[in-house]
Number of protein chains: 2
Amino acid sequence: MQMGEGVEWALHSCLNLAWAEPGEAVPAAKLAAFYDLPAAYLNKQLQALARAGIVTSVSGPRGGFRLARAPEEITVLDVVTAIEGPQEAFRCQEILRRGPGGSESVDYRKACVVSQTMRGAELAWRKELAGQTLADLQARVESRSPRTPAMTRQRFGEL
Amino acid sequence: MQMGEGVEWALHSCLNLAWAEPGEAVPAAKLAAFYDLPAAYLNKQLQALARAGIVTSVSGPRGGFRLARAPEEITVLDVVTAIEGPQEAFRCQEILRRGPGGSESVDYRKACVVSQTMRGAELAWRKELAGQTLADLQARVESRSPRTPAMTRQRFGEL
DNA sequence: GGTAGACTACTCGGATACCGTGTGTCCGAGTCCTCGCGG
DNA sequence: CCGCGAGGACTCGGACACACGGTATCCGAGTAGTCTACC
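Just so we're clear, the structure is a prediction, and the values are computed from it rather than from any experiment. (Residues numbered from 1 in each chain as written. Chains lettered and ligands numbered in written order. Predicted model: local features only at pLDDT ≥ 70, side-chain atom pairs only at ≥ 80, totals over all residues. Heavy atoms only, no water.)

Undergrad: Which parts of the structure should I look at to understand the protein's contact with DNA strand C?
TA: Residues in close proximity to DNA strand C total 24 residues, the closest being Q47(A), S57(A), F65(A), R91(A) and E5(B). Backbone sugar and phosphate groups make up 65% of those atoms of DNA strand C lying within 4 Å of the protein. Measuring from a phosphate oxygen of DNA strand C, one finds a side-chain N or O atom of S57(A) at 2.4 Å. Separating a phosphate oxygen of DNA strand C from a side-chain N or O atom of E5(B) is a distance of 2.8 Å. The greatest single-element share of the surface near DNA strand C, amounting to four residues, is contributed by helix α3 (residues 39–51) of chain A. For the surface near DNA strand C, the residue count by class is 10 nonpolar, nine polar and five charged. (Near = heavy atom within 4 Å. Polar contact = N/O pair within 3.5 Å; in protein donor to acceptor, adjacent residues only side chain to side chain. Helix = DSSP H or I, 4+ residues; strand = E, 2+ residues; numbered from the N terminus. Nonpolar A, V, L, I, M, F, W, Y, C, P; charged D, E, K, R; others polar.)

Undergrad: What is the right way to look at the pairing of strand β2 (residues 64–67) of chain B in this model?
TA: Within a regular strand, the side chains alternate between the two sheet faces. Residue and element names in this part refer to chain B. With four bridges connecting them, strand β1 (residues 55–58) and β2 associate as antiparallel partners. What sits directly across from V58, in β2, is G64. A loop of five residues connects β1 with β2, the two strands running antiparallel in sequence, and G60 in this loop sits at a positive phi of about 85°. (Pairing = 2+ DSSP bridges.)

Undergrad: Just to check I follow, could you spell out helix α6 (residues 113–130) of chain B for this structure?
TA: Because each turn of an α-helix spans 3.6 residues, side chains separated by three or four positions in sequence point in the same direction. For α6(B), which comprises 18 residues, the first-to-last C-alpha distance of 25 Å matches the rise-based estimate of 26 Å (1.5 Å per residue) to within 8%. Among the residues making up α6(B), those that are buried are V113(B), V114(B), S115(B), T117(B), M118(B), A121(B), E122(B), A124(B), W125(B), R126(B) and L129(B). Those residues of α6(B) that are buried lie in contact with α1 (6–19), α4 (76–84), α6 (113–130) and α7 (134–144) of chain A together with α4 (76–84) and α5 (108–111) of chain B. (Expected span 1.5 Å × (residues − 1). Buried < 20%, exposed > 50% of the residue type's maximum accessible area, 1.4 Å probe, protein only. Contact = heavy atoms within 4.5 Å.)

Undergrad: So what exactly am I meant to see when it comes to the relation of the copies chain A and chain B here?
TA: Each of the two chain copies can be brought onto the other by rotation about an axis and movement along it. Least-squares fitting of chain A to chain B yields an RMSD of 0.0 Å, with the superposition described by an axial translation of 0.0 Å and a rotation of 180°. What the superposition gives is, in effect, a two-fold axis relating one chain to the other. For chain A, the residue whose C-alpha comes nearest the rotation axis is W125(A), separated from it by 2.5 Å. An overlap of 100% is found between the interface residues of chain A and their copies at the interface of chain B, pointing to a shared contact surface. (Least-squares fit on C-alpha atoms with pLDDT ≥ 70 in both.)

Undergrad: What is the right way to look at the environment of Q2(B) in this model?
TA: Here Q2(B) shows up in the segment before α1 (6–19). Residue classification places Q2(B) among the partly exposed residues on the basis of a relative accessible area of 39%. Note: C-alpha distance between Q2(B) and R97(B) (95 residues apart in sequence) is 28 Å. For Q2(B), the contacting residues outside a window of four places in its chain are M1(A), Q87(A), E88(A), A89(A) and R91(A).

Undergrad: What is the right way to look at the packing of aromatic side chains in this model?
TA: The relation between two aromatic rings is expressed through the spacing of the ring centres and the mutual angle of the planes. All names here are of chain A. Tallied over the full model, the rule gives six aromatic pairs over all chains. The interplanar angle of 80° and the centroid separation of 5.5 Å between the aromatic rings of W9 and Y41 together place this pair among those described as edge-to-face. In this pair, W9 sits in helix α1 while Y41 sits in helix α3, placing the two residues 32 residues apart along the sequence. What links up through ring pairs into an aromatic cluster is the set F34, Y35 and F156. Stacked on the ring of F34, the Lys or Arg R155 has its end atom at 5.3 Å from the ring centre. (Phe/Tyr/Trp six-rings, centres within 6.5 Å; stacked < 30°, edge-to-face > 60°. Lys NZ or Arg CZ within 6 Å of the ring centre and 35° of its normal.)

Undergrad: So what exactly am I meant to see when it comes to the packing of α7(A) against α6(B) here?
TA: Each packed pair of helices is defined by two parameters, the angle between the axes and the distance between the axes. Taken N-terminus to C-terminus, the directions of α7(A) and α6(B) make an angle of 130°; their axes are 10 Å apart at the nearest point. With respect to α6(B), the axis of α7(A) lies oblique. By crossing handedness, the relation of α7(A) to α6(B) is classed as right-handed. Between α7(A) and α6(B), the residues in contact are L137(A), R140(A), V141(A) and R144(A) and V113(B), V114(B), Q116(B) and T117(B), respectively. Residue composition of the contact of α7(A) with α6(B), grouped by class: four nonpolar, two polar and two charged. (Axes fitted to C-alpha atoms, helices over the stretch in contact; angles between N-to-C directions. Parallel < 35°, antiparallel > 145°, perpendicular 65-115°, else oblique. Left-handed = near helix turned anticlockwise from the far one by under 90°.)

What follows is the structure, given as structure tokens:
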């Protein structure tokens, strides 16, 4: 069980977008150059964020990506779900249906104790991620490194 | 991010082992026939459980698998970790190292706010799974279907 | 000088290959039971 | 009748193919800015 590395890229890129000049669209190439990432592939991840309504994209010169909402309104779970998809990590195949006493009419994703347990754990995981917004992450970074916003904007200007 | 289906198989098989006659070794073929699973592949998963010390294996006629410890001493997390491996789902590549102000001597898996957040969520997930033992699952199933232990043993006898 | 038009450069978006991990299968090593033979 | 030994059957264990999703790349569609020519 491993999540794609695009999740890390997307989260850091969203933070950088949050620190960019308000209203400024940042192209994927700049976001990629920030951490020396493959630009085309990062672009693909950003497209997923755009489809999820987390960022908006604009084509052409002076185009790029920008956050679609305020950082306070974007949770870490939103970003993770946009990249990894909405389906749960544990996929209940309902094998109980093939076992003794298995019924065709029962939804074992709800009834099976194993499924319930795994679902409960994922719920706790989602709850943690949903409780953290981009603004929270920004605040924690800035409390440790107050110059980060200015440095980010400066870096975007240089690239 | 999707965990292997072997996790579901392993959990249900462990439950069935817990309900089997004490001291009886159940071969992989019987466990597979229980839910009409591919026997050789389930055997592979059971080997992983054996390597993790959750079950013990014995070769030859009358051989098979049995639980290595009491169900109270086996957590769901133990089984999941045995199948999926101990590494975390979120893999921090420490891309901050390549960014502006990135240092070679900093362990960003500890320092990076993104990594901390993801790690915290996985910790909550693990805590949930570690809080449930096989005995807990057994009890919940038996409270709903008291005949399950007898039916399981009967099924093993028929196969 | 102002304006309209076309051109160019830039960016996203999706279609297209490549690779690694999970999925599935097979055969060999080891063990126990059983059957036959000899005492 | 009892003990011993060889054979066979059964099971795990790891080595070997296959498939699918994640990884990476490229090229086309669309847009904004700019330059030029004309009014």
